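Fold and geometry: a report
One-letter residues, chain by chain:
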Amino acid sequence: MANLSNRNIAILTESGFEEVELTSPKKALEEAGANVHVISPQKETVRAMKNHEWSIDVPVDKHISEVKAEDYDGLVLPGGVINPDQLRLNDQAISFIKDFFDAGKPVAAICHGPQSLITAGVVEGREMTSYPSIKADLIYAGANWVDREVVVDQGLVTSRTPDDLPAFNRKMCEEFAEGIHEGQHS
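On a predicted model such as this, the values are computed, not experimentally measured, just so you know.

**Structural notes on the overall build of the protein**
Helix and strand counts for the protein come out as six helices and twelve strands. Across its three principal directions, the C-alpha atoms of the protein cover 35 × 35 × 30 Å. For the protein, the proportion of its 186 residues judged to be buried stands at 54%. For the protein, restricting intrachain contacts to residue pairs at least 6 apart in sequence, the fraction spanning at least 24 positions comes to 67%. Of the roughly 8,200 Å² that the protein leaves accessible, carbon and sulfur atoms contribute 43%.

Right, here's the structure in full:
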């Protein structure tokens, strides 16, 4: 696995994320040596969903108002139905996402996570995958949607469902280890 020592990674989420889509990537990143912060518009905790039920609370390390993309080497966007829908309504969250693309920094989004990328205006011309229910949204926004467990396009890593997490985590760590991707710019 990639060595992510001395890398700071942001996981941006609202409440309503799919539990394993945050906990599994976070664990993989930490095992690779990354310093990982859960960032949110919420101040103390965010609540996960598992099997369509509320599950665990996850501590928020930093409020969205306290961070800048320049402080991080990569960004993870977990899915879940509620989480990305809430992030899309938050101007600070969308600006934070867009700043990663403007800087050429790698971004990884799984399941419904790419919905936030649509609002950030960074999917046009990119090869991507996602949960099937947002396929049309991504296509209408200009993405080239494909049905594969993991897709990498100039530092953008996307996957479909929790079943894809092993491949997603592996590629996410590889891209974060590579660092800046010149083609990542929005």
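Don't stop here, the text continues.
**Side note on the sheet that holds strand 12 (residues 156–159)**
Judged by pairing direction, the sheet is mixed, and its seven strands sit side by side in the order 6-3-1-7-8-12-11 without closing on themselves. Where the open sheet ends on each side, the last strands, each with one partner, are strand 6 (62–63) and strand 11 (150–153). Summarising the sheet, strand 7 (residues 74–77) and strand 8 (residues 107–110) pair through three bridges and their orientation is parallel. Paired with leucine 77 across the two strands is alanine 109, which belongs to strand 8. Helix 6 (residues 165–178) contacts strand 1 (8–12), strand 7, strand 8, strand 11 and strand 12 of the sheet and is inclined by roughly 170° relative to strand 8.

**A few points about the environment of aspartate 85**
Tracing the chain through its elements places aspartate 85 in helix 2 (residues 82–87). Sequence separation between aspartate 85 and glutamate 53 is 32 residues; the distance between their C-alpha atoms is 17 Å.

**Description of the pattern of salt bridges**
This structure, assessed with the given rule, holds nine salt bridges. Overlapping salt bridges bring together Asp147, Arg160 and Asp164 as one network.

**Digging into the pairing of strand 3 (residues 35–40)**
Of all six residues that make up strand 3, five are buried, and the element is covered over most of its length. Pairing of strand 1 with strand 3 involves five bridges; the strand directions are parallel. Residue pairing across strands places alanine 10 opposite histidine 37, the latter belonging to strand 3. Pairing geometry for strand 3 and strand 6, over two bridges, is parallel. Each residue of the ladder has a partner; that of serine 40, found in strand 6, is histidine 63.

**Structural notes on unusual backbone geometry**
One non-glycine residue, cysteine 111, lies in the positive phi region at around 65°. By the secondary structure assignment, cysteine 111 is in the loop between strand 8 and helix 4 (114–120). Of note in the backbone geometry, glutamine 154 takes a positive phi value of approximately 50° without being a glycine. Counting through the fold element by element, glutamine 154 comes out in the loop between strand 11 and strand 12. On the basis of relative accessibility, which here comes to 43%, the residue glutamine 154 falls in the partly exposed class.

**Some remarks on the UniProt feature "domain: DJ-1/PfpI" (unreviewed entry) in the protein**
If you check UniProt for "domain: DJ-1/PfpI" (unreviewed entry), the listed places come out as residues 8–174 in our numbering. For residues 8–174, helix accounts for 32% and strand for 29%, while the C-alpha atoms at its two ends are 14 Å apart.

Calculation notes
- Residues numbered from 1 in each chain as written.
- Predicted model: local features only at pLDDT ≥ 70, side-chain atom pairs only at ≥ 80, totals over all residues.
- Heavy atoms only, no water.
- Helix = DSSP H or I, 4+ residues; strand = E, 2+ residues; numbered from the N terminus.
- Buried < 20%, exposed > 50% of the residue type's maximum accessible area, 1.4 Å probe, protein only.
- Contact = heavy atoms within 4.5 Å.
- Areas by Shrake-Rupley, 256 points an atom, 1.4 Å probe, with all protein chains shown as cover.
- Pairing = 2+ DSSP bridges.
- Axes fitted to C-alpha atoms, helices over the stretch in contact; angles between N-to-C directions.
- Salt bridge = Lys/Arg side-chain N within 4 Å of Asp/Glu carboxyl O.
- UniProt positions renumbered as here; feature names shortened; annotations may be inferred.

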